[in-house]
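What follows is each chain in one-letter form.
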Amino acid sequence: MFSRLNKSASMRSPLRLISNHIARSSVSARQTTSVVSPLATLSSSGIRVSWPEGGESHFHNIWLRDHCRCPRCLHQVTRQRLFDTFSIPDTIKPSNIDWDDQGLRIRWGESDHESNFRWPWLRSNSFTSQTPSQSIPIPSNKILWGKEIAQNPPTVSYQSVMQDGEEGIRKWLDYIDSHGFCYVTGVPVSPEKTEELAKMISHIRMTHWGGFWDFTADESRGDTAYSNLALRAHTDNTYYTEPSGLQMFHMLEFRGKGGESLLVDGFQAAKILKEKYPESYEILSTVRIPTHAAGDDGFLFQPTPNPGYPILNHGEGGELYQIRYNNDDRSTMRHLPYEQVEPFYTALKRWSAILTDVGSEYWRQLTPGTLVVFDNWRVLHGRAAFTGYRRLCGCYISWDDYQSRLKVARLKTNNKQVKDVI
Ligand SMILES: C[N+](C)(C)CCCC[C@H](N)C(=O)O
Ligand SMILES: O=C(O)CCC(=O)C(=O)O
Ligand SMILES: [Fe+2]
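Residues numbered from 1 in each chain as written. Chains lettered and ligands numbered in written order. Predicted model: local features only at pLDDT ≥ 70, side-chain atom pairs only at ≥ 80, totals over all residues. Heavy atoms only, no water.

Engineer: How should the overall build of the chain be read in this particular structure?
Structural biologist: Within the chain, the secondary structure is distributed over ten helices and 18 strands. For the chain, with 422 residues in total, the buried portion stands at 48%. Sequence-distant contacts in the chain: of pairs separated by 6 or more residues, those separated by 24 or more amount to 72%. Accessible surface, the chain as shown: approximately 20900 Å² in total, 52% of it carbon and sulfur. (Helix = DSSP H or I, 4+ residues; strand = E, 2+ residues; numbered from the N terminus. Buried < 20%, exposed > 50% of the residue type's maximum accessible area, 1.4 Å probe, protein only. Contact = heavy atoms within 4.5 Å. Areas by Shrake-Rupley, 256 points an atom, 1.4 Å probe, with all protein chains shown as cover.)

Engineer: Got a minute to help me understand a nonpolar patch on the surface in this structure?
Structural biologist: Together, Val 418, Val 421 and Ile 422 give the surface a local cluster of nonpolar side chains, amounting to about 250 Å² of exposed area. Relative to the helices and strands, Ile 422 is located in the segment after helix 10 (399-413). Judged by its relative accessible area of 47%, Ile 422 is partly exposed. (Patch = residues over 30% accessible without salt bridge, like charges linked within 9 Å, V, L, I, M, F, W, Y side chains within 5 Å. Salt bridge = Lys/Arg side-chain N within 4 Å of Asp/Glu carboxyl O.)

Engineer: I tried to follow empty space enclosed by the protein on my own but got confused; where do I start?
Structural biologist: In this approach, a probe sized like a water molecule rolls over the atoms, and the result shows the empty space that is left. Within the structure shown, the criterion is met by four cavities of 30 Å³ or more. A volume near 460 Å³ is recorded for the largest cavity. Around the largest cavity sit 34 residues that line it, and Ala 225, His 234, Asp 236, Phe 249 and His 381 are the ones nearest its centre. If you list the elements that add at least two residues to the lining of the largest cavity, you get strand 9 (213-215), strand 10 (231-234), strand 11 (246-258), strand 12 (261-265), strand 15 (362-364), strand 16 (371-375), strand 17 (379-383) and strand 18 (386-397). Residue composition of the lining of the largest cavity, grouped by class: 17 nonpolar, nine polar and eight charged. The class makeup of the residues in the lining of the second largest cavity is five nonpolar, four polar and two charged. (1 Å grid on protein atoms, 1.4 Å probe; cavity = no way out; pocket = protein on both sides within 12 Å on 5 of 7 lines; lining within 4 Å. Points joined across faces, edges and corners; volume = space filled by probe spheres on them. Nonpolar A, V, L, I, M, F, W, Y, C, P; charged D, E, K, R; others polar.)

Engineer: Sorry, what's going on with the site of ligand 2 here?
Structural biologist: Every residue near ligand 2 is listed here: Phe 215, Ala 225, Leu 231, His 234, Asp 236, Gln 247, Phe 249, His 381, Arg 383, Arg 390 and Leu 392. Asp 236 is positioned with one of its side-chain polar atoms (N or O) 2.9 Å from an oxygen atom of ligand 2. Contact between ligand 2 and Gln 247: an oxygen atom at 3.2 Å from a side-chain N or O atom of the residue. Burial of ligand 2 by the protein chains amounts to 94% of its free accessible area of 290 Å². Most atoms of ligand 2, that is more than half of them, are within 2 Å of grid points of the largest cavity. Counted by class, the shell around ligand 2 contains five nonpolar, three polar and three charged residues. (Near = heavy atom within 4 Å. Polar contact = N/O pair within 3.5 Å; in protein donor to acceptor, adjacent residues only side chain to side chain. Sits in = over half its atoms within 2 Å of the grid points.)

Engineer: Would you mind showing me how to read the packing of aromatic side chains here?
Structural biologist: Here the distance between the centres and the angle between the planes together describe a pair of aromatic rings. Per the stated rule, a full pass over the model turns up 23 aromatic pairs. Ring geometry for Trp 145 and Tyr 362: centres 6.3 Å apart, planes at 85°, overall edge-to-face. Placement of the pair is Trp 145 in the loop between helix 3 (119-124) and strand 7 (155-157) and Tyr 362 in strand 15, with a sequence separation of 217 residues. What makes Trp 145 buried here is its relative accessible area of 2%. Taking the centre distance of 5.9 Å and the plane angle of 45° together, the rings of Phe 181 and Tyr 362 count as tilted. Taken as a pair, Phe 181 in strand 8 (residues 181-185) and Tyr 362 in strand 15 lie far apart in primary sequence, 181 residues in all. Given a relative accessible area of 2%, Tyr 362 falls into the buried group. In textbook terms, an aromatic cluster arises when at least three aromatic residues are bridged by ring pairs, as seen for Trp 209, Trp 213, Phe 215, Tyr 226, Phe 249, Phe 374 and Tyr 396. For Lys 274, the ring lying beneath its charged end belongs to Tyr 281, and the centroid distance is 5.2 Å. Positioned above the aromatic ring of Tyr 277 is the side chain of Arg 350, whose terminal nitrogen or guanidinium carbon lies 4.0 Å from the ring centre. (Phe/Tyr/Trp six-rings, centres within 6.5 Å; stacked < 30°, edge-to-face > 60°. Lys NZ or Arg CZ within 6 Å of the ring centre and 35° of its normal.)

So this is what it looks like as structure tokens:
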């Protein structure tokens, strides 16, 4: 039930006072029934909401009208906008508003349309009441690690992924989200079964390396991955505009020596770099690195826009969201001004020293039946040089496909639906 607390939009300057007065009286009304609901008051161009847990959000009238959740304005199945944003008059105002502990109801003056907003939706889409960005740039849900992760690495079983439905998928992807990688044990030693397992997350990303790959050190492609050389810690696809989000490796056969796999937590390394050498962190967050994949006839990959992306990439709130680093696939640093050459190479050297520190490196020999999936936007991988015959299969999955699958698994295991969040 919505309480009837109407505010006339035709009253101009006293509006704020009147609505504040009503808001205050509604506080005492609610306190007697001990239901704590947010309070809404009209401002000259929008609605202010005071949250019971503290803080205030200010929603503009144009924004509120544009985001109406009703079936005429938002398609209830496709979750797409049906409403014509450009029909909103610049002077749009509510003719009245009211609310209860569930949400806010707005009647719009000119069109006589009504919009209802649930409080949790307004809260989670409030842009004036965000928590301030942290000084440490690592998202708080990440669990950072070094070589000690070897004692207890995130692991799920093939059976739980294939048979436990959304719970099984969620556990798997939650580990990849928190730690940046996860092993799957008990996997049939077959490329077909491995591919089937990957498709539990999503379709596979097709690239110029193929879709699902099955490769050896036969030098069939113009890249050192197809040799038996050591590969230092790197992320793949630095030469694409969008590097793949996940990478999966399943070692199918190995008769030889060496070839141990290396994982390094890039977010942990970034945190150390920021603490020890903030000026180098800044350089690696801003200097754009040109990259390429051009070892095979018929291909010339370079990221857009030119000259590429920094090694450390941040979002609007300053949070680190992506590492792009493969020193072997770096192109000519043709755009670096003379006076930046030394500070850049110093920063790169410090970064490399942190990545190769014994405390950062996590080595493990992969064996048939145990595969690894890792977040290629966070965790760097590498391998030791080897002799003999070594056969790996695996694939890439795009970042968006991985994120979508993770969100759906979380919604489903929480008994929620897309409409609860979009
Ligand atoms: C073999 N496989 C397809 C997995 C990877 C090949 C890509 C290696 C490349 N140098 C890079 O860093 O992206
Ligand atoms: O051979 C390996 O273990 C990994 C090689 C590699 O870095 C890659 O294929 O992306
Ligand atoms: Fe690689």
